[in-house]
Amino acid sequence: MSSVRKIIAQRMHESWASVPRVTQFDEADITASWALRKKYMAKYEKKGGHLTLTPFLILAVVTALKKHRFSTAA
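Rules of the game
Residues numbered from 1 in each chain as written. Predicted model: local features only at pLDDT ≥ 70, side-chain atom pairs only at ≥ 80, totals over all residues. Heavy atoms only, no water. Helix = DSSP H or I, 4+ residues; strand = E, 2+ residues; numbered from the N terminus. Rg over C-alpha atoms; globule rule 2.2 N^0.38 Å. Buried < 20%, exposed > 50% of the residue type's maximum accessible area, 1.4 Å probe, protein only. Areas by Shrake-Rupley, 256 points an atom, 1.4 Å probe, with all protein chains shown as cover. Lys, Arg positive; Asp, Glu negative; His and termini not counted. Charge placed at Lys NZ, Arg CZ, Asp CG, Glu CD. Salt bridge = Lys/Arg side-chain N within 4 Å of Asp/Glu carboxyl O. Contact = heavy atoms within 4.5 Å.

Visitor: Sorry, what's going on with the overall build of the protein here?
Guide: Each helix and strand in the protein was counted, giving 3 helices and 0 strands. Reading the protein from its N terminus to its C terminus gives the helix and strand order α-α-α. Whereas a compact globule of 74 residues would reach a radius of gyration of roughly 11 Å, the protein reaches 23 Å, over 25% beyond that. Overall size of the protein, expressed as C-alpha extent along the three principal axes, is 65 × 35 × 25 Å. Taking all 74 residues of the protein together, the buried fraction comes to 4%. Total accessible area computed for the protein in this model is approximately 7400 Å², and 61% of it derives from carbon and sulfur atoms. Measuring between centres, the 13 positive side-chain charges of the protein sit 9 Å from its 5 negative side-chain charges.

Visitor: Quick question: what am I supposed to make of the environment of Phe 56 here?
Guide: Structurally, Phe 56 can be placed in helix H3 (residues 54-67). Expressed as a C-alpha distance, the spacing of Phe 56 and Trp 34, which sit 22 residues apart in the sequence, is 9.3 Å.

Visitor: Looking at this structure, how should I read the pattern of salt bridges?
Guide: Pairs may arise between side chains of opposite charge once their charged atoms sit close together. Scanning the model with the defined rule gives 1 salt bridge in all. Residue Glu 14 is joined to Arg 11 by a salt bridge in which the shortest nitrogen-to-oxygen separation is 3.7 Å. Within this pair, Glu 14 and its partner Arg 11 are both found in helix H1 (residues 3-18), separated by 3 residues, close to a single helical turn. For Arg 11, a relative accessible area of 52% puts it in the exposed group.

Visitor: Sorry, what's going on with the side chain of Arg 37 here?
Guide: As for its position among the elements, Arg 37 is in helix H2 (residues 31-46). One buried charged residue, Arg 37, remains without a salt bridge, the closest side chain of opposite sign being Glu 45 at 6.5 Å. Among residues more than four places away in sequence, those in contact with Arg 37 are Leu 51, Thr 52, Leu 53 and Phe 56.

Below you can see the structure in the form of structure tokens.
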């Protein structure tokens, strides 16, 4: 192998050995969010828009982040 190939192989091995491979699956009940979306969907469609679940997801993430604040200061 060429020296470049050897370095590439070494770095690929280091990456494989040092980077954790994690998979996580969660389930969430979005029945209430889905019902709220259906309730307001017609109003958005009349204005030419689409109401997706994205705004509800963003609101949930913001609420969770506010509730579980953390500091990055050392």
